[in-house]
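Spelled out from the first residue to the last, the chains are:
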Amino acid sequence: MTTAPAMPLEPSFRESVDIMFNRAVALMDLSPGLEEKIRVCNSTYTVRFGVRLRGQIHTFTGYRSVHSEHMEPVKGGIRYAMSVHQDEVEALAALMTYKCALVDAPFGGSKGGLRIDPREWEEHEMEQITRRFTYELVKRSLIHPSQNVPAPDMGTGEREMAWIADQYRRMNTTDINAAACVTGKPINAGGIQGRTEATGRGVQYALREFFRHPEDCAKAGLTGGLEGKRIIVQGLGNVGYHAAKFLQEEDGAKIIGIIERDGALFSEEGLDVEKVRQWIGKHGGVADYPKVKYLKDGATVLEATCDILIPAALEGVINMGNAARIKAPLIIEAANGPVTAGADEVLRDKGTVIIPDMYANAGGVTVSYFEWVKNLSHIRFGRLQRRAEEARHQLLVDELERLSADKGLGWQLSPGFKETYLRGAGELELVRSGLDDTMRAAYQAMRAVWHGRPEVHDLRTAAYIVSIGKVAASYRAKGL
Ligand code: NAD
C-alpha cells in the first residue's frame, strides 16, 4: 500500500515573515546578536476591557505590539477584525519596521488590533469601544505623539482616528502636539489631504515605476505600459478601491475581476470600479450586481488569467493550496502578507514577479509621515509658498506675452497650459509629489539589489536586504 505524500505544512503569517527575514539575512553580513535583536518583537501588550452596551458588559480583547524602537515614535495601524490575534499583530508590527525603513519614514514598527466585528455594532457603540481601547493604550504611552502613533488599517478609518485623537486630547489637555498622536484623521480634525487614498495611490505609483523598467517587465513576461493591462483585485475596501479606481481612470488599465467577501465579479470587457463600489455600499456585497458574471466562490478568481493580480484584502490568501494554479505573471501585494512563505517559493520557481507588501502598500505610512510632520509644524503644506509660486509663474507668462506682442510674433500660450502652469501646488499636489518621489526612490533601491546581486532572485528578498540594512545601521549608530 502506498501512502500519499504529506501535504507540506503552511507557515503562519508570523512564521512567513520570519522565513522571509531569515532568507534575506542569510545573504547579509550581520552579527548573530544584531540579527536576533532586529528579528524579535520588543513587546506586545494585551488588554481586555469591558464596555457596558445594550444593557450588559461586553469584554473586548485588544493588542498593541512594538516590534522595533530603533527610531521613535513607532508607527503602525490599528485593525478591527474578529481574526485579530497576537501572532498576527506581531507579524504586522515587524512588517511596519521594515516598511518604514524601506521608504525612509523615520519610525520604528508597531501594530495594534482589536478583536471585533465592526459591522455588529452601531456607530455610537463603536465610539464607546474605541474610546475605551484608546484610554487603555494612552495610559501606557502606547498612543503618544513622540512614542507611538497609530493609523487606520483593516476595519478602521478616519472616523476611528478622529475618536482616538479626541480621546488622547481629553487625557492630555495641555499637549500642544496632541493631534500628532495618530494619523489618518479627517481633514477637519488635523488630517492631511490625500491620506485616505494614499495606500491605493502608492500601489498605482509602484506599478507605474515598475512599468518604467522594461527589463523588470520582461522578467514577468510583460511588455508595454499599464494601458490595457488586465487586472484582478481582491478586496474593494480602502486600498483596493483606490488602487483599482486610479489604475482604471488614469492609466487605462482594465479591471476584469473584483473579489469581495461574498463572491467575485468577472468581465473580460472590464468592470466599472466606481459603480461596483457604490453597489457594495448599498447592498453590502457584490452578489446580484447586474449584467456581470458572478461567482459565489470568489477565491477561484485569484486563479484566473490576467496580467496583474492585486490582493488587497487580507493575509494568506495565496497559499500552498492555490499557488501552483495562480496564472498572473505579476502580483502586487497591496494587502499585508497576502502570499504565504510557502506560496512565495512556489511562485518564485514559476517565475512570477511579486512586488512585496512592505513596498507596495507603503503609501499609507508615507503620507501618515507627512501628516505627523504637518501636525507637529502646525501649518498646512503649501500655505506659505503657494501664492508666491503663482506670482512668479505669472511674471514669466506676462513677460513671454509682452515679448511676443513687442516683436509682433503673435504667440499665444494655450489656455490649458496657462491654467496648469499658473496654479501653485496645494497640499494635495505636494502630498502626491512626495509620495511619488518616495515610491520611485524605494523601488530603485530594491531593484539595485535585485539586479546588482546575483544571489538575490526576487524583489522581496531585495526589499528585506535594503530595509534590514538600514535598521542595522541605526542600531549600530546607537551603540548596540
Ligand atoms: P478595508 O477594511 O477598507 O477593506 C478590506 C476589504 O476586503 C473590504 O472591502 C472587505 O469586504 C474585503 N474582504 C474581507 N475579507 C475578504 C475576503 N475573504 N475576500 C475578499 N475580500 C474580502 O481595509 P484596507 O484598509 O483596505 O486594508 C486592506 C489590506 O491593506 C490589509 O491587509 C491592510 O493591512 C493593508 N494596508 C492598509 C493600509 C491603509 O492605509 N488602510 C495601509 C497599508 C496596508
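Residues numbered from 1 in each chain as written. Predicted model: local features only at pLDDT ≥ 70, side-chain atom pairs only at ≥ 80, totals over all residues. Heavy atoms only, no water.

**What to know about the pairing of strand β3 (residues 74–80)**
The element β3 is extensively covered by neighbouring structure, given that 7 of its 7 residues are classed as buried. Pairing geometry for β3 and strand β4 (residues 108–114), over 5 bridges, is parallel. Each bridged residue has a counterpart across the sheet, and for Ile78 the counterpart in β4 is Gly112. In this fold, the crossover linking β3 to β4 by way of helix α3 (residues 86–102) has right-handed handedness. (Buried < 20%, exposed > 50% of the residue type's maximum accessible area, 1.4 Å probe, protein only. Helix = DSSP H or I, 4+ residues; strand = E, 2+ residues; numbered from the N terminus. Pairing = 2+ DSSP bridges. Right-handed = clockwise from strand over helix to strand, strands pointing away.)

**Examining the side chain of Arg64**
With respect to the helices and strands, Arg64 occurs in strand β2 (residues 56–68). Buried and unpaired, Arg64 has Asp153 as its nearest opposite-charge partner, separated by 9.2 Å. Only 3.0 Å separates the side chain of Arg64 from the backbone oxygen of Gly76, close enough to count as a polar contact. Side chain to side chain, Arg64 and Asn148 meet in a polar contact 2.6 Å long. (Lys, Arg positive; Asp, Glu negative; His and termini not counted. Salt bridge = Lys/Arg side-chain N within 4 Å of Asp/Glu carboxyl O. Polar contact = N/O pair within 3.5 Å; in protein donor to acceptor, adjacent residues only side chain to side chain.)

**Regarding the environment of Tyr241**
With respect to the helices and strands, the residue Tyr241 is situated in helix α8 (residues 238–251). Note on Tyr241: relative accessible area 10%, which makes it buried. C-alpha separation for the pair Tyr241 and Val273, spaced 32 residues apart in sequence, amounts to 7.2 Å. Residues contacting Tyr241, with those up to four places away along its chain left out, are Gly235, Leu236, Val273, Glu274 and Arg277. (Contact = heavy atoms within 4.5 Å.)

**Considerations on the domain arrangement of the protein**
Considered domain by domain, the protein is made up of domain 1 (43–189), domain 2 (221–351) and domain 3 (365–446). Across the contact, 22 residues belong to domain 1 and 12 residues belong to domain 3. Applying the counting rule to domain 1 against domain 3 returns 1 salt bridge. A salt bridge links Glu371 to Lys185; its shortest N-O distance comes to 2.7 Å. (Domains from an automatic or database assignment.)

**Points about the site of the ligand**
By nearness alone, 22 residues border the ligand, and Arg79, Asp153, Thr199, Glu260 and Asn336 come closest of all. One of the side-chain N or O atoms of Glu260 is found 2.6 Å from an oxygen atom in the ligand. One of the backbone nitrogen or oxygen atoms of Ala313 is found 3.5 Å away from an oxygen atom of the ligand. Here the ligand has 840 Å² of accessible area as a free molecule, and 84% of this is covered by the chains. Going through the elements one at a time, α8 and β7 (254–260) are the ones with two or more residues in the shell around the ligand. (Near = heavy atom within 4 Å. Areas by Shrake-Rupley, 256 points an atom, 1.4 Å probe, with all protein chains shown as cover.)

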